[in-house]
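Results of the structural survey
Chain residues, written in single-letter form:
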Amino acid sequence: MKPTSASPGSRALAASLREVRAARGKGLRELARMVRILPQLLSAWEKGHRVPGPEDVARLLGALQVDDVTYDRMMRLARRAKDDNWLDSNPSDLPPALSGIVEYERTATRITMWSLAILPGILQTPDYARDVLSNAEIALEQADAMLVARLNRQRILVKPEPVRLTAFIGEMAIREQIGSADIMSDQVDHLLRVAIQPNVSLQIVPGNIGYHPGLIGPFVLYEFADLPPIVHLESSHATAFLHDARVVSDYRRQARILAGRALSEVATRDLLREVAR
């Protein structure tokens, strides 16, 4: 059964429904019986093959007796699930956005990303990630949850059929000290280990090379085997997931430009070794 909606929000909602049910310790058939629907329908909702309406999501959340915070964020996601694009300017709504990212990473066949000044989460060491999150002005509990999720996400690079990752990283990101000098040294060593994996292409874009569109900001492009691609944009106060074909085309063009400006993979590893000394 093909999804009735390929929107970013619908895929994030499906992942969130699975997570909430599992967190409450309920089986799929048990929850379906509680809300008096067929297990096949609930399964289709949780796989993203069909999109439940807000009233359906409310029934599920009521049966699961979730807390008010979970209810509010899930209902916000449910009301936007069928929108073509998903823009969230509410910093407190991080869990749904994070659920979306986890789902896209889990199902993507290829990920292309550009990071200008901060290393992407999927390539961060625990100490580097901890320093970033602890200085992000978010609650300690939320930072802890995000750290665990960030480290778990990295498994997509080493699973039996790993995602193909193309990562363009600004030179500033490896020279800017996050945390202590030891933390940065360990982080650069980690990048060197990741860079030699056959499914990973890691290239540094040098600084002071003049204007290129990557200077405007970072992006992530997720591509899937049988669903439209999604572009993820993030700033300190907003997150956007876009899948308009023209937008995707623009970011593919940016990736080609970055590839033309970046050091080769071999030269990138040489630079990393130099920085690590």
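Please refer to the structure higher up on the page.
The following paragraphs examine the structure supplied in this document. (Residues numbered from 1 in each chain as written. Predicted model: local features only at pLDDT ≥ 70, side-chain atom pairs only at ≥ 80, totals over all residues. Heavy atoms only, no water.)

Turning our eyes to something else, we now look at the pairing of strand S6 (residues 230-234). Bridging between strand S5 (residues 219-223) and S6 involves three bridges; their strand directions are antiparallel. Looking at S6, one finds that Leu221 is bridged to Val231. Counted between consecutive antiparallel strands, the loop separating S5 from S6 contains six residues. Across four bridges, S6 lies against strand S7 (residues 239-242) in antiparallel orientation. Bridged to Glu234 within S7 is Thr239. (Pairing = 2+ DSSP bridges. Helix = DSSP H or I, 4+ residues; strand = E, 2+ residues; numbered from the N terminus.)

Orientation of helix H4 (residues 54-64) relative to helix H5 (residues 68-80), taken along the N-to-C sense of each, is 155 degrees, at an axis distance of 9 Å. Viewed along their axes, H4 and H5 adopt a mutual orientation that is roughly antiparallel. H4 and H5 meet at a crossing whose hand is right-handed. Each of Pro54, Val57, Ala58 and Leu61 in H4 lies in contact with H5, whose residues at this interface are Tyr71, Met74, Met75, Ala78 and Arg79. Class assignment of the residues belonging to the contact of H4 with H5 gives a composition of eight nonpolar, no polar and one charged. (Axes fitted to C-alpha atoms, helices over the stretch in contact; angles between N-to-C directions. Parallel < 35°, antiparallel > 145°, perpendicular 65-115°, else oblique. Left-handed = near helix turned anticlockwise from the far one by under 90°. Contact = heavy atoms within 4.5 Å. Nonpolar A, V, L, I, M, F, W, Y, C, P; charged D, E, K, R; others polar.)

The terminal C-alpha atoms of helix H1 (residues 8-23) lie 23 Å apart, and with 16 residues this matches the ideal 22 Å at 1.5 Å per residue to within 8%. Among the 16 residues in H1, twelve count as buried, and that is most of the element. For H1, the complete set of buried residues consists of Pro8, Gly9, Ser10, Arg11, Ala12, Leu13, Ala14, Ala15, Ser16, Leu17, Val20 and Arg21. (Expected span 1.5 Å × (residues − 1). Buried < 20%, exposed > 50% of the residue type's maximum accessible area, 1.4 Å probe, protein only.)

With that settled, consider the pattern of salt bridges. Should the charged atoms of two oppositely charged side chains come close, the side chains can pair. Considering all chains together, one arrives at ten salt bridges under this definition. With its nearest N and O atoms 3.1 Å apart, the salt bridge here joins Glu103 to Arg106. Taken together, the residues span about one helical turn, with Glu103 and Arg106 both in helix H6 (residues 94-107) at a distance of three residues. Arg153 is the salt-bridge partner of Glu105, the closest N and O atoms lying 2.8 Å from each other. Placement of the pair is Glu105 in helix H6 and Arg153 in helix H8 (residues 140-153), with a sequence separation of 48 residues. According to the relative accessible area criterion, Arg153 is buried, its value standing at 13%. Counted as one network, the salt bridges with shared partners bring together Arg18, Glu103 and Arg106. (Salt bridge = Lys/Arg side-chain N within 4 Å of Asp/Glu carboxyl O.)

The next point concerns the nonpolar core. Formed by 57 residues in total, the largest nonpolar core has its most connected members in Ile111, Leu123, Leu157, Leu165 and Leu202. No other element matches helix H10 (residues 181-195), which puts seven residues into this core. Apart from residues no more than four positions distant in its own chain, Leu202 is found in contact with Leu123, Ala167, Ile169, Leu191, Ala195, Glu265, Thr268 and Leu272. Within the second largest apolar cluster, eleven residues are counted, among which are Trp114, Phe168, Phe219 and Leu258. (Core = buried A, V, L, I, M, F, W, Y, C linked by side-chain atoms within 4.5 Å.)

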